[in-house]
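# Examination of the molecular architecture
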Amino acid sequence: MTDPTPGLIDIGVNLSHDSFADDRHAVIEHARRAGVIQMIITGASAAGSRQALALAHAGPQQLFATAGVHPHHATELNADVLGELESLAREPQVVAVGECGLDYFRDFSPRDVQRRAFHQQLELAARVGKPVFLHEREAHDDFAAIVREHRATLVGAVAHCFTGNRQQLDHYLQLDLAIGITGWICDERRGGHLLELVREIPAAALHLETDAPYLLPRDLAPRPASRRNEPRYLPHIAAVVARARGQTLEQLAASASAASRRLFRLPAPPALSP
Ligand SMILES: [Zn+2]
């Protein structure tokens, strides 16, 4: 076993997902031992955001949460839910509004409902003065247009799980969006183009995430028995990104963690214990 990677931050982990119900604490501890010292737990629905905050409360300085409604659940965003999200978003351990955005790949909510929920959450982020954690799939043009409309009012924004092409990346960087890279980059069938694109992302805008339990990196060796992704695999993703950028893992870890700490205004991590 090699030394853990210094100080990585997983900006997107769905720890409130049912698949972690039985062993959440072990998952957090395995990640910490692998060098993942801070994690932002994604809130994707009202209930999920409540749960993400409750988990964050159990890990001061180590665990943080977002509060938002994923486009899949956009139909749930009525006035009551929006009010609840606002009070969650004002909690100190909630470091971003989201995940919010547009998903025209699955279309689980009608597109006009998705767009309205997206506008409302960007307005919410502006009101509470926190950055946004953005989801976009197969919806680039509408998404970019809506972000552009609100961009000047937002203190910061990250396009999480970026999987797009060069033109889309340029567009996001022009909008001053930070970019979240997941284990999608480890998938030679559909993520190979990211090995080249990841070189174009300025270090100050590059963030790392697992999106666990989704997106288990395809090239883990040996292959884990379970298909469930975990934050402990973030150093593997970081190593792939570092190699693609011609950097050492330490350089990438330092710049990505600094970028995440700045964007989400995270405090220093708890002191390391063996
Ligand atoms: Zn997402």
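Residues numbered from 1 in each chain as written. Predicted model: local features only at pLDDT ≥ 70, side-chain atom pairs only at ≥ 80, totals over all residues. Heavy atoms only, no water.

### Quick look at the sheet that holds strand 5 (residues 132–137)
Overall, parallel pairing links the 8 strands, which are arranged 1-2-3-4-5-6-7-8 in an open sheet. Taken across any chain shown, the strands that pair with only one partner, and hence form the sheet edges, are strand 1 (8–13) and strand 8 (206–208). Adjacent strand axes in the sheet meet at a mean angle of 30° when their direction is disregarded. In this sheet, strand 4 (residues 94–103) lies alongside strand 3 (residues 63–67) in parallel orientation, the contact comprising 3 bridges. (Pairing = 2+ DSSP bridges. Helix = DSSP H or I, 4+ residues; strand = E, 2+ residues; numbered from the N terminus. Axes fitted to C-alpha atoms, helices over the stretch in contact; angles between N-to-C directions.)

### Re the coordination of the zinc ion
Reference values for coordination geometry: four tetrahedral donors around a metal ideally subtend 109.5 degrees, six octahedral donors ideally subtend 90 or 180 degrees. In this structure, Glu99 (OE), His135 (ND1) and His160 (NE2) serve as the protein donors to the zinc ion, at separations of 2.0 to 2.1 Å. Judged by relative accessible area, which is 4%, Glu99 ranks as buried. In this structure His135 comes out as buried when scored by relative accessible area, which is 12%. (Donors = N, O, S within 2.8 Å, 3.2 Å for Na, K, Ca; no water. Buried < 20%, exposed > 50% of the residue type's maximum accessible area, 1.4 Å probe, protein only.)

### Some details on unusual backbone geometry
Cis geometry is found at the peptide bond from Gly98 to Glu99, where omega equals 15°. Take Glu99: it is sitting in strand 4. Backbone geometry places Asp107, a non-glycine residue, at a positive phi of 55°. Note that Asp107 resides in the loop between strand 4 and helix 4 (111–128). Judged by relative accessible area, Asp107 falls into the partly exposed class, the value being 32%. Backbone geometry at Leu215 places phi at a positive 60°, although glycine is not the residue there. Relative to the elements of secondary structure, Leu215 occurs in the loop between strand 8 and helix 8 (234–245).

### Some details on helix 9 (residues 249–263)
With 15 residues, helix 9 ought to run about 21 Å at 1.5 Å a step, and its terminal C-alpha atoms sit 21 Å apart, in line with that. Of all the residues in helix 9, the buried ones are Leu252, Ala253, Ser255, Ala256, Ser257, Ala259, Ser260 and Leu263. Those residues of helix 9 hidden inside the fold are in contact with strand 1, strand 6 (157–159), strand 7 (178–181), strand 8 and helix 8. Just downstream of helix 9, Arg265 is the residue with a positive phi angle, here 50°. (Expected span 1.5 Å × (residues − 1). Contact = heavy atoms within 4.5 Å.)

### Things to note about the pattern of salt bridges
Applying the stated rule across the entire model yields 17 salt bridges. Each member of the salt-bridge network shares a partner with another, and the members are Asp187, Glu188, Arg189, Arg190 and Arg218. (Salt bridge = Lys/Arg side-chain N within 4 Å of Asp/Glu carboxyl O.)

### Examining the pairing of strand 1
In terms of residue burial, strand 1 counts as a mostly covered element, since 6 of its 6 residues are buried. The sheet contact formed by strand 1 and strand 2 (residues 36–41) spans 4 bridges and is parallel. When the sheet's bridge partners are listed, Val13 is paired in strand 2 with Ile41. In this view, the connection linking strand 1 to its parallel neighbour strand 2 by way of helix 1 (residues 24–33) has right-handed handedness. (Right-handed = clockwise from strand over helix to strand, strands pointing away.)

### Side note on the layout of surface pockets
By volume, the largest pocket is sized at about 700 Å³. Lining the largest pocket are 26 residues, with Asn14, His70, His72, Asp211 and Tyr214 positioned closest to its centre. Among the secondary structure elements, those contributing two or more residues to the lining of the largest pocket are helix 2 (46–57), strand 4 and strand 5. Looking at the lining of the largest pocket, the element that brings in the most residues is strand 5, giving 3 residues. A breakdown of the residues in the lining of the largest pocket according to their chemical character gives 6 nonpolar, 13 polar and 7 charged. (1 Å grid on protein atoms, 1.4 Å probe; cavity = no way out; pocket = protein on both sides within 12 Å on 5 of 7 lines; lining within 4 Å. Points joined across faces, edges and corners; volume = space filled by probe spheres on them. Nonpolar A, V, L, I, M, F, W, Y, C, P; charged D, E, K, R; others polar.)

### Some words on the state of the cysteines
As used here, a disulfide is simply a covalent bond connecting the sulfur atoms of two cysteines. Scanning all chains against the criterion turns up 0 disulfides. Cysteine Cys161 is unpaired, with the sulfur of Cys186 as its nearest cysteine sulfur at 11 Å. For Cys186, a relative accessible area of 4% corresponds to the buried category. (Disulfide = S-S within 2.5 Å.)

### Some remarks on the nonpolar core
The biggest cluster of nonpolar side chains holds 76 residues, and the ones touching the most others in it are Phe118, Leu134, Leu177, Ile185 and Val241. Those residues in contact with Phe118 that sit more than four places away from it in its chain are Cys100, Gly101, Leu102, Leu134, Phe143, Ile146 and Val147. Ile9, Ile11, Ile40 and Leu263 belong to the second-largest nonpolar core, a separate cluster that totals 12 residues. (Core = buried A, V, L, I, M, F, W, Y, C linked by side-chain atoms within 4.5 Å.)

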